[in-house]
Structures are given as structure tokens and as C-alpha cells.
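Working through the structure, step by step
Next come the chains, spelled out residue by residue.
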Amino acid sequence: CSHRAGMWAFGRDVIAAPILEESLFRGCLTEGWVRCGAAGDKAVMVPAALFSLLHAHHFVRVRRELDGETKAAMVVIATQMGFALLFGAFSGRLYVKSGSLTASIVAHALCNWWGPPPLHWSSSEVRGWRLYLSALIFALTWSGPLFCVCWIEGLQG
């Protein structure tokens with residue numbers, strides 16, 4: 001039974017979500033902004049911000065996993081949404097530069113497959129300052145490299 005659940009999660013997170021989300025956010029929204037003549041930053045960042053907001057729904061699950069701790073769940077979700085914003089910007093730039101939705105889908109699939117480091121290993125282990133430290137470590141180790149790639153990519157035109 002757990003094998004089926006694992007396969008379902010893999011199919012949802014690594015196959016279906018990247019195809020559906022990239023088709024919507026890059027294939028429709030980013031492409032629409034580009035075709036309407038929007039500046040490159042707007043064409044990339046507006047869909048990236050919406051992509052980030054899409055990930056707020058994880059709050060319910062995270063709050064449940066943290067035994068109803070709303071503040072802790074908000075920290076975890078805010079960090080994940082920040083990562084989603086940076087990834088959305090990266091994926092949008094990748095799409096605009098390459099013209100390939102496949103490139104964005106593959107990048108998204110790899111990101112979901114690797115997954116972020118857990119910010120809330122268990123409700124008894126991460127409390128108070130440890131939660132904030134976990135959020136900072138997450139931001140530095142995962143969002144930092146994506147930001148650098150986006151920044152370097154921007155410098156190259």
C-alpha cells in the first residue's frame with residue numbers, strides 16, 4: 001500500500017504537476033505576456049508571483065503536521081513560497097530564453113524530484129528558534145543558487 005502511495009506521489013509531483021503547472025504558468029501566462037508586448041521582467045515575474053501563491057495551499061497540510069501550530073506553519077509556507085517565486089522566475093527566464101516549454105517542465109520535474117530539505121522534520125524536533133534557523137538554511141541552500149543562476153543569466157542578456 002505504501003508503495004502505491006509513493007508511486008502516486010511521484011506521478012503527481014514529478015510528472016503531472018510540472019506538466020500542468022508549467023503549461024499554465026509558462027506556456028499560457030508567460031507566453032501571453034510576451035505576445036502582448038510586456039517587458040521581459042513583467043512577463044516572467046507576474047506568472048512567477050502567481051506560481052508562488054499557488055503553493056500557499058500547502059499551509060493546511062503543514063499546519064496539521066505541526067500539530068496545529070499556525071505561526072510555525074506560516075514560516076514554513078512563507079519560505080516555500082519564496083523558493084517557488086525564485087524557481088518561477090528561473091523557469092520563466094528559461095522559457096523566454098529557450099522558447100521551450102519542455103526545458104521548463106524538465107527543470108520543474110527535477111526540482112520536485114530532488115525536493116526541498118524538510119523544514120519541519122517532526123512536530124517535536126523543530127520549535128521556536130530552530131524553525132527560523134531551518135527556514136534560513138533552506139533559503140540559503142536552495143534559493144541562493146537559483147537566484148545566482150537567474151542573476152548570471154540576466155547579465156548574459
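So, how was this worked out
- Residues numbered from 1 in each chain as written.
- Predicted model: local features only at pLDDT ≥ 70, side-chain atom pairs only at ≥ 80, totals over all residues.
- Heavy atoms only, no water.
- Axes fitted to C-alpha atoms, helices over the stretch in contact; angles between N-to-C directions.
- Helix = DSSP H or I, 4+ residues; strand = E, 2+ residues; numbered from the N terminus.
- Parallel < 35°, antiparallel > 145°, perpendicular 65-115°, else oblique.
- Left-handed = near helix turned anticlockwise from the far one by under 90°.
- Contact = heavy atoms within 4.5 Å.
- Nonpolar A, V, L, I, M, F, W, Y, C, P; charged D, E, K, R; others polar.
- Phe/Tyr/Trp six-rings, centres within 6.5 Å; stacked < 30°, edge-to-face > 60°.
- Buried < 20%, exposed > 50% of the residue type's maximum accessible area, 1.4 Å probe, protein only.
- Lys NZ or Arg CZ within 6 Å of the ring centre and 35° of its normal.
- Expected span 1.5 Å × (residues − 1).

**Quick look at the packing of helix H4 (residues 70-98) against helix H5 (residues 101-114)**
Where H4 contacts H5, the axes come no closer than 8 Å and their chain directions differ by 155°. Considering the angle they form, H4 stands roughly antiparallel to H5. For the pair H4 and H5, the sense of crossing is right-handed. Contacts between H4 and H5 pair Phe 83, Phe 87, Phe 90, Ser 91, Leu 94, Tyr 95 and Ser 98 from the former with Leu 101, Ala 103, Ser 104, Ala 107, His 108 and Cys 111 from the latter. Partitioned by chemical class, the residues of the contact of H4 with H5 number nine nonpolar, four polar and no charged.

**Some thoughts on the packing of aromatic side chains**
Evaluation of the coordinates by the stated rule reveals three aromatic pairs. Centre to centre, the rings of Phe 51 and Phe 87 are 6.3 Å apart; their planes meet at 45°, and the pair counts as tilted. Of this pair, Phe 51 sits in helix H2 (residues 40-54) while Phe 87 sits in helix H4, and the two are 36 residues apart along the sequence. Like Phe 87, Phe 51 is buried. Note on Phe 87 and Phe 90: the rings are 6.1 Å apart at their centroids and 50° apart in plane angle, and the pair reads as tilted. One end of the pair, Phe 87, and the other, Phe 90, are both in helix H4, three residues apart, so they sit about a helical turn from each other. Owing to a relative accessible area of 4%, Phe 87 belongs among the buried residues under this scheme. Judged by relative accessible area, Phe 90 falls into the buried class, the value being 18%. Taken together, the aromatic side chains of Phe 25, Phe 51, Phe 87 and Phe 90 make up a single cluster linked through ring pairs. The aromatic ring of Phe 51 is capped on one face by Arg 26, whose charged end is 4.9 Å from the ring centroid.

**Points about H4**
The first and last C-alpha atoms of H4 sit 41 Å apart over 29 residues, in line with the 42 Å expected at 1.5 Å per residue. Directly after H4, the chain includes Gly 99, whose backbone phi takes a positive value near 70°.

**A few points about the environment of Ile 77**
Note that Ile 77 resides in helix H4. Along the primary structure Ile 77 and Phe 59 are separated by 18 residues, whereas in three dimensions their C-alpha atoms are 6.0 Å apart. Other than its neighbours up to four places away in sequence, Ile 77 contacts His 55, Ala 56, His 58, Phe 59 and Val 62.

**Quick notes on unusual backbone geometry**
The phi angle at Asp 67 is positive, at roughly 55°, despite the residue not being glycine. Among the secondary structure elements, Asp 67 is positioned in the loop between helix H3 (58-65) and H4. Under the relative-accessibility criterion, Asp 67 is labelled exposed at 53%.

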